[in-house]
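# Inside the fold
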Amino acid sequence: MNSADDLTAASGRRPRRPSWAGRNYSLLTASAVVTHLGSHGALIAAAFAVLEAGGDGGDVGLVAAARTLPLVLFLLIGGALADRLPRHHVMVAANALNCLSQGLFALLVLTGEPQLWQMMLLTALGGTGQAFFSPAAEGMLLSSVQGEQAGRAFAVFRMAMQGAALGGAALGGAMVAAIGPGWVLAADALAFAVAAALRSFLDVSGVPARTPGGGMLADLREGWREVAGRPWLWGIVVQFSIANAVVGAADAVYGPLVARDHLGGAAPWGLALGFFAAGTVGGALLMTRWKPRRLLLAGTLCVFPLALPSAALAVPVPVGVLCAVMFLTGVTLEVFGVSWMTALHQEIPEDKLSRVSAYDWFGSVAMVPLATALAGPAEQAFGRAPALWGCATLVVVVTAAVLCVPDVRNLRRRTKEVAVAGAPAVPGADSGSADAERPVGGLG
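Below: a short report on this structure.

Analysis parameters
- Residues numbered from 1 in each chain as written.
- Predicted model: local features only at pLDDT ≥ 70, side-chain atom pairs only at ≥ 80, totals over all residues.
- Heavy atoms only, no water.
- Helix = DSSP H or I, 4+ residues; strand = E, 2+ residues; numbered from the N terminus.
- Areas by Shrake-Rupley, 256 points an atom, 1.4 Å probe, with all protein chains shown as cover.
- Axes fitted to C-alpha atoms, helices over the stretch in contact; angles between N-to-C directions.
- Parallel < 35°, antiparallel > 145°, perpendicular 65-115°, else oblique.
- Contact = heavy atoms within 4.5 Å.
- Nonpolar A, V, L, I, M, F, W, Y, C, P; charged D, E, K, R; others polar.
- Expected span 1.5 Å × (residues − 1).
- Buried < 20%, exposed > 50% of the residue type's maximum accessible area, 1.4 Å probe, protein only.
- Left-handed = near helix turned anticlockwise from the far one by under 90°.
- Polar contact = N/O pair within 3.5 Å; in protein donor to acceptor, adjacent residues only side chain to side chain.
- Patch = residues over 30% accessible without salt bridge, like charges linked within 9 Å, V, L, I, M, F, W, Y side chains within 5 Å.
- Salt bridge = Lys/Arg side-chain N within 4 Å of Asp/Glu carboxyl O.
- Core = buried A, V, L, I, M, F, W, Y, C linked by side-chain atoms within 4.5 Å.

## Structural notes on the overall build of the protein
Per the secondary structure count, the protein includes 18 helices and 0 strands. In the form shown here, the protein has an accessible surface area of approximately 17,600 Å², with 67% of it arising from carbon and sulfur atoms.

Right under this line is the structure:
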């Protein structure tokens, strides 16, 4: 307990925040809110910047792929680095790179006619920053809370983060329509600068010292052993490597095109994404109360609705129906996200969190560049609607397949009593009921 906590206790006042919401957790939550306000508007702005520069669906896919490709190349290195260096230093440096790349992208859009290669290069720099940021951030968040209230803490974190995404998407779509994509990109650059300042105050003095390893490759092998030894972990990573790829293509390429041709442009698409974010807020709120006993079974069953937005765009349905579909998808996907983070927090040693998170992120985004780059050619070869129906079908197939893994069906939440007794976390062991987050690839 710090001096402020002592003073609160002595005065008899109730603390202004829950006991599990310590300084690091509060800083991480505040900085995530800031970046999500900016980045969700910037996703819409980047797509429409390409279209306004004369690009087509294939060009939008190439720019989206340029952001994701560095994630595939550098995520594993970023994870190993984050388990070696102070994680907050890695996070601040990555935010600085994102600020620079988005600032230059905004300047390019505001001052002239951006070329495709320029937009791809700057987007790739942003993806590089994300590759080093994500494993460090997830490891930092997982280590910032302890005990049986971890699940509630992660659900509240996600609720705040997704609430910011809701506002960012809706505001970003409206701003793109009103003043153009350049100013939205500039606002995102400013958000990264503010978030870097907040994250510079994170305190890592309480994090256990890490034993020096045998080098980067040895660290990566050790992280891989943690993943390969858990069928529930690598099974779901494989599932989302496919699901995120096709959903990423639908969101980044087909969504803006359907919006332009059938829904009325950027504002309705931003509204639909805002409803998705509203659904994730609702899902996170649900998970502050609901503690499913079989974590991954409940979470995986809630992945099936992820196929619905692609199907809705394939029809295409009216804006109101699309918004309802996006809201439902957000609710159910958040159940998975919180359950997944609970499982990682419960099962993975603290000193390996960033490396395991890196393998998780790597699997989640590895196929996204290929899918987004092929989205345009697939539309030309098969038509937009058949391509979207294919996306929906693949989500259903891979989600059904991962339910065949016994540990996915049987991994259970640990109770306080089991943890105190020192019982091991054995997938499938009946350990009763107790208490999570995780950015799900490009959707989280």
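Let's pick the thread back up.
## Digging into the packing of helix H6 (residues 150-179) against helix H7 (residues 181-199)
Remark: H6 packs on H7, axes separated minimally by 7 Å, with the N-to-C direction vectors making an angle of 135°. With respect to each other, H6 and H7 are oriented oblique. Contacts between H6 and H7 involve Gly172, Met175, Val176 and Ile179 on the former and, on the latter, Pro181, Trp183 and Val184. Taken together, the residues that form the contact of H6 with H7 break down as 6 nonpolar, 1 polar and no charged.

## Looking at helix H14 (residues 353-365)
The α-helix winds at 3.6 residues per turn, so residues separated by three or four positions along the chain end up facing the same way. If you check H14, its first and last C-alpha atoms are 18 Å apart, about what 13 residues at 1.5 Å a residue would give, namely 18 Å. Across the 13 residues of H14, 12 count as buried, placing the element largely inside the fold. Where H14 is concerned, the buried positions are Leu353, Ser354, Arg355, Val356, Ser357, Ala358, Tyr359, Asp360, Trp361, Gly363, Ser364 and Val365.

## Some details on the environment of Cys99
Its place among the elements puts Cys99 in helix H4 (residues 87-111). Given a relative accessible area of 24%, Cys99 falls into the partly exposed group. For Cys99 and Gly129, which are 30 residues apart along the polypeptide, the C-alpha to C-alpha distance reads 9.4 Å. Apart from the residues lying within four places of it in its own chain, the contact partners of Cys99 are Ala189, Phe192 and Ala193.

## Here's the deal with the environment of Phe336
Its place among the elements puts Phe336 in helix H13 (residues 319-347). By relative accessible area, which is 1% here, Phe336 ends up buried. Spatially, the C-alpha atoms of Phe336 and Cys302 are 6.3 Å apart, while their sequence positions differ by 34 residues.

## A short note on the packing of helix H5 (residues 116-142) against H14
Relative to each other, H5 and H14 sit at 130°, their axes nearing to 8 Å. The angle between H5 and H14 places the two elements in the oblique class. Between H5 and H14 lies a crossing of right-handed hand. Note on element contacts: H14 touches H5 through Leu353, Ser354, Ser357, Ala358, Asp360 and Trp361, opposite Gln130, Ser134, Pro135, Ala136, Glu138, Gly139 and Leu142. Of the residues contributing to the contact of H5 with H14, the split by class is 6 nonpolar, 5 polar and 2 charged.

## Regarding unusual backbone geometry
The linkage connecting Val315 with the following residue, Pro316, adopts the cis geometry, with an omega of -20°. Within the element layout of this structure, Pro316 appears in the loop between helix H12 (308-314) and H13.

## Quick word on the side chain of Arg413
Tracing the chain through its elements places Arg413 in the loop between helix H17 (406-410) and helix H18 (416-421). Its relative accessible area of 3% is what places Arg413 among the buried residues. A polar atom in the side chain of Arg413 sits 3.1 Å from the backbone oxygen of Pro292.

## Some remarks on a nonpolar patch on the surface
A cluster of nonpolar residues, Leu100, Leu104 and Leu107, forms a patch on the protein surface that exposes about 270 Å² of accessible area. By secondary structure assignment, the location of Leu104 is in helix H4.

## Thoughts on H6
A rise of 1.5 Å per residue sets the reference length of H6, with its 30 residues, at 44 Å; its end C-alpha atoms lie 42 Å apart and thus fit the reference within 8%. Just downstream of H6, Gly180 is the residue with a positive phi angle, here 100°.

## Some details on the environment of His36
Note on placement: His36 falls in helix H2 (residues 23-52). What makes His36 buried here is its relative accessible area of 13%. Taking C-alpha positions, His36 is 9.6 Å from Ala160, a pair spaced 124 residues apart along the chain.

## Considerations on the pattern of salt bridges
Within this structure, the stated rule accounts for 7 salt bridges. As a salt-bridge pair, Glu222 and Lys352 come within 3.4 Å of each other at their nearest N and O atoms. Taken together, the positions of Glu222 in helix H8 (residues 216-228) and Lys352 in the loop between H13 and H14 put the pair 130 residues apart, joining distant regions of the chain. Residue Lys352 is classed as buried on the basis of its relative accessible area of 11%. Of the charged contacts in the structure, one is a salt bridge between Arg260 and Asp261, with a shortest N-O distance of 3.1 Å. With relative accessibility at 43%, the residue Arg260 sits in the partly exposed group. Residue classification places Asp261 among the partly exposed residues on the basis of a relative accessible area of 38%.

## Points about the nonpolar core
Counting residues in each nonpolar core, the largest one holds 102 residues, and the members touching the most others are Trp232, Leu233, Leu296 and Leu322. In terms of residue count, the dominant contributor to this core is helix H9 (residues 231-263) (17 residues). When neighbours within four sequence positions are excluded, Leu296 is seen to be in contact with Trp232, Ile236, Ser339, Trp340, Ala343, Val408 and Leu411.

## Describing the side chain of Glu379
Here Glu379 is to be found in helix H15 (residues 368-382). Contacts of Glu379, omitting those with residues within four sequence positions, involve Tyr254, Leu257 and Arg384.

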